[in-house]
Amino acid sequence: MELLWAVVLGTVVGLVAGVLVVLGTLAWRGRSAPAPVAAPPPLTRPDVPSAVDVIHALPVAVAVLDGADEVVLANRAAHDLGVVRAARVPVAELRRLVYDTRRSGTDAEVELRLPATRLGRVPEDVRVRLAPFGGQGHVALLVEDVTEAHRVEDVRRDFVANVSHELKTPVGAMSLLAEALVGCSEDPVAVRRFAGRVQHEAERLARLVQELIDLSRLQGADPLPDPEPVAVDRVVTEALDRTRTVAASRGIDLVRGGHRGLWVRGSEGQLVTALANLLDNAVAYSPDRTRVATAVRLVEGAVEVSVTDQGIGIAERDLQRVFERFYRADPARSRVTGGTGLGLAIVKHVATNHGGEVDVWSVEGSGSTFTLRLPAASAPADDEPGDAPALAAPRSAPYRSAERTA
């Protein structure tokens, strides 16, 4: 990267210097008005872009300031990034850097944050390179937007910190429980109690490790290998089967309704995992002897699979964050249920990998509805006629009668 920056900076300085020399020469000739001279042969072929065209095509912002801090050359990226406006550099910090570079006569590099200089813009982190050239105080300014790179680095750092914390919790609990088991080896009742707690923490640790593996695969270079037609009916059936035992132990009814025979393209395993995560959350945050409903419908070319519960709901301040890794709207409840805080992050990545999205509606005390929305697909040619998706179903088509699955 350092070598690339040096090459780009050197190229820009060279190109700009050449342009300025040519412009200055032409201006001098215009003032002296000498006898007409035959035009020199072109330096490049007509089909080769000019130096200015090359500068405009660069993805980094490029600007050249003269000795009076007037912008004599700027590409489109410089205007888009807010580095140049009306032939001036509006950011005071950038003007100061240009002044320091001109005075020192040496190249400079620094990272800083551009303020929100225009309505609707957010502050942006940038890497700035400056180089003086010529004898008239000209300074070349290269500005690269590194906001996204910083955001990714922050996410990575937070992820590592969160993983370390989440792993330490069950490991520390298991260590303490093991010591307790050794101390009460002569008490069968205490042994059974502590052994049960060890098993619970081991299951929590195994679930955390598996979800970390799943999340890393979903974010890998090939998150959706070999997509194929997937019957939504099979996805719903499998996800409900995975949740049925836990729901039945708490007297929670699993209700299924909506359209049948719909298809999508992607990975059946990933989609089952995503829907099962939504159902697990609905059951975990619902009171005993309530109902969790799964509905499927076709809306304007998209298959919507929604999971609705009668649980505690989600506060409005948490709605935009529930899909973040390790974020828990109710940490105390998560400790009781053994939640890892990764389930909804996995759902979001599965939806994105399938060209879809997931959203949530919730009111505290009134339950929540999570909706997984995916592009609809046609049934395979060899599928049974009766299982073909109802792609022509109107938006207002009524659901089938709901049926209990538990």
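Remember, predicted model here, so these are calculated numbers, not experimental data.

Caption draft 1: Molecular detail of the pairing of strand β11 (residues 357-362). Going residue by residue along β11, you find Val358, Val360 and Ser362 tucked away on one face and Glu357, Asp359 and Trp361 left uncovered on the opposite face. Relative to strand β12 (residues 368-377), β11 runs antiparallel, the two being bridged by 6 bridges. Note that in β12 the partner of Val360 across the bridge is Phe370. A loop of 5 residues connects β11 with β12, the two strands running antiparallel in sequence, and Gly365 in this loop sits at a positive phi of about 85°.

Caption draft 2: Representation of helix α4 (residues 92-104) in the model. Here α4 contains 13 residues, and its C-alpha end-to-end distance of 18 Å stays within 8% of the 18 Å for a straight helix at 1.5 Å per residue. For α4, the complete set of buried residues consists of Leu94, Leu97, Val98 and Thr101. The arc enclosing the buried residues of α4, seen along the axis, measures out at 100°, which places them on a common side. Structurally, α4 contributes buried residues whose contacts are with β1 (61-65), β3 (108-114), β4 (124-133) and β5 (138-145). Gly105 sits one or two residues past α4 and shows a positive phi near 75°.

Caption draft 3: Structural detail: the nonpolar core. Counting residues in each nonpolar core, the largest one holds 40 residues, and the members touching the most others are Val232, Leu275, Val292 and Val303. Counting only elements with at least two residues in this core, the list comes to α7 (232-249), α8 (268-284), β9 (291-299), β10 (302-308), α10 (343-353), β11 and β12. A per-element tally of this core places α8 first, with 9 residues. Not counting the four nearest positions on each side in its chain, Val292 is found in contact with Ile252, Asp253, Leu254, Val255, Leu279, Ala282, Val283, Ser286, Val307, Thr308 and Asp309. Of all hydrophobic cores here, the second largest spans 23 residues; its members include Val71, Ala77, Ala78 and Val139.

Caption draft 4: Region of interest: the pattern of salt bridges. In this structure the tally under the stated criterion is 19 salt bridges. Among the salt bridges present, the one from Asp100 reaches Arg103, with a minimum N-O distance of 3.8 Å. Linking Asp100 with Arg103, this pair stays in helix α4, spanning 3 residues, or about one helical turn. Here Asp100 falls in the partly exposed class, since its relative accessible area comes to 24%. With relative accessibility at 62%, the residue Arg103 sits in the exposed group. Its salt-bridge partner being Glu238, residue Arg242 comes within 3.3 Å of it at the nearest N-O pair. In this pair, Arg242 and Glu238 both sit in helix α7, 4 residues apart, roughly one turn of the helix. The exposure class assigned to Arg242 is partly exposed, which follows from its relative accessible area of 46%. Among the charged side chains, a salt-bridge network with shared partners connects Glu109, Glu111, Arg127, Arg129 and Glu144.

Caption draft 5: Broad picture of the packing of α8 against α10. In contact at an axis separation of 9 Å, α8 and α10 are set at 145° when each is read in the N-to-C sense. Judged by the sense of rotation from one axis to the other, the crossing of α8 with α10 is left-handed. Where α8 abuts α10, its residues Gln270, Leu271, Thr273, Ala274, Asn277, Leu278 and Asn281 lie against Gly343, Leu344, Ile346, Val347, Val350 and Asn353. Across the contact of α8 with α10, the residue classes break down as 7 nonpolar, 6 polar and no charged.

Caption draft 6: Inspection of the side chain of Thr290 at higher detail. In this structure, Thr290 sits in the loop between α8 and β9. Given the relative accessible area of 14%, Thr290 is considered buried. Not counting chain neighbours up to four residues away, the residues in contact with Thr290 comprise Gly251, Ile252, Asp253 and Gln310.

Caption draft 7: Expanded view of the sheet that holds β3. Reading across from one edge, β2-β1-β5-β4-β3 is the order of the 5 strands in this open sheet, with antiparallel pairing throughout. Two strands close off the open sheet at either side, each with one partner strand: β2 (71-74) and β3. Strand-to-strand twist of the sheet, defined as the mean angle between neighbouring strand axes without regard to direction, takes the value 25°. Of the strand pairs in this sheet, β1 and β5 are connected by 5 bridges, and their pairing is antiparallel. Counted as the bridge partner of Leu65 is Val139 from β5. Along the sheet, α4 contacts β1, β3, β4 and β5; its crossing angle with β4, the most-contacted strand, is approximately 25°.

Caption draft 8: Highlighting empty space enclosed by the protein. In total, this model carries 2 cavities of 30 Å³ or more according to the counting rule given. What lines the largest cavity is simply Val232, Val235, Val236, Val264, Leu271, Leu275, Val305, Leu372 and Leu374. Those elements giving two or more residues to the lining of the largest cavity turn out to be α7, α8 and β12. Broken down by element, the residue count for the lining of the largest cavity peaks at 3 residues, all from α7. Split into classes, the residues belonging to the lining of the largest cavity amount to 9 nonpolar, no polar and no charged.

Caption draft 9: Representation of unusual backbone geometry. Backbone geometry at Asp69 places phi at a positive 65°, although glycine is not the residue there. Note on Asp69: relative accessible area 18%, which makes it buried. Of note in the backbone geometry, Ala87 takes a positive phi value of approximately 65° without being a glycine.

Caption draft 10: Fine view of the environment of Arg95. Considering the arrangement of structural elements, one finds Arg95 in helix α4. By relative accessible area, which is 32% here, Arg95 ends up partly exposed. Taking the C-alpha atoms as reference, Arg95 lies 7.7 Å from Asp69; in sequence the two are 26 residues apart. Filtering out sequence-adjacent residues up to four positions away, Arg95 remains in contact with Val89 and Pro90.

Quick notes on the rules
Residues numbered from 1 in each chain as written. Predicted model: local features only at pLDDT ≥ 70, side-chain atom pairs only at ≥ 80, totals over all residues. Heavy atoms only, no water. Buried < 20%, exposed > 50% of the residue type's maximum accessible area, 1.4 Å probe, protein only. Helix = DSSP H or I, 4+ residues; strand = E, 2+ residues; numbered from the N terminus. Pairing = 2+ DSSP bridges. Expected span 1.5 Å × (residues − 1). Arc of directions from axis to C-beta. Contact = heavy atoms within 4.5 Å. Core = buried A, V, L, I, M, F, W, Y, C linked by side-chain atoms within 4.5 Å. Salt bridge = Lys/Arg side-chain N within 4 Å of Asp/Glu carboxyl O. Axes fitted to C-alpha atoms, helices over the stretch in contact; angles between N-to-C directions. Left-handed = near helix turned anticlockwise from the far one by under 90°. Nonpolar A, V, L, I, M, F, W, Y, C, P; charged D, E, K, R; others polar. 1 Å grid on protein atoms, 1.4 Å probe; cavity = no way out; pocket = protein on both sides within 12 Å on 5 of 7 lines; lining within 4 Å. Points joined across faces, edges and corners; volume = space filled by probe spheres on them.

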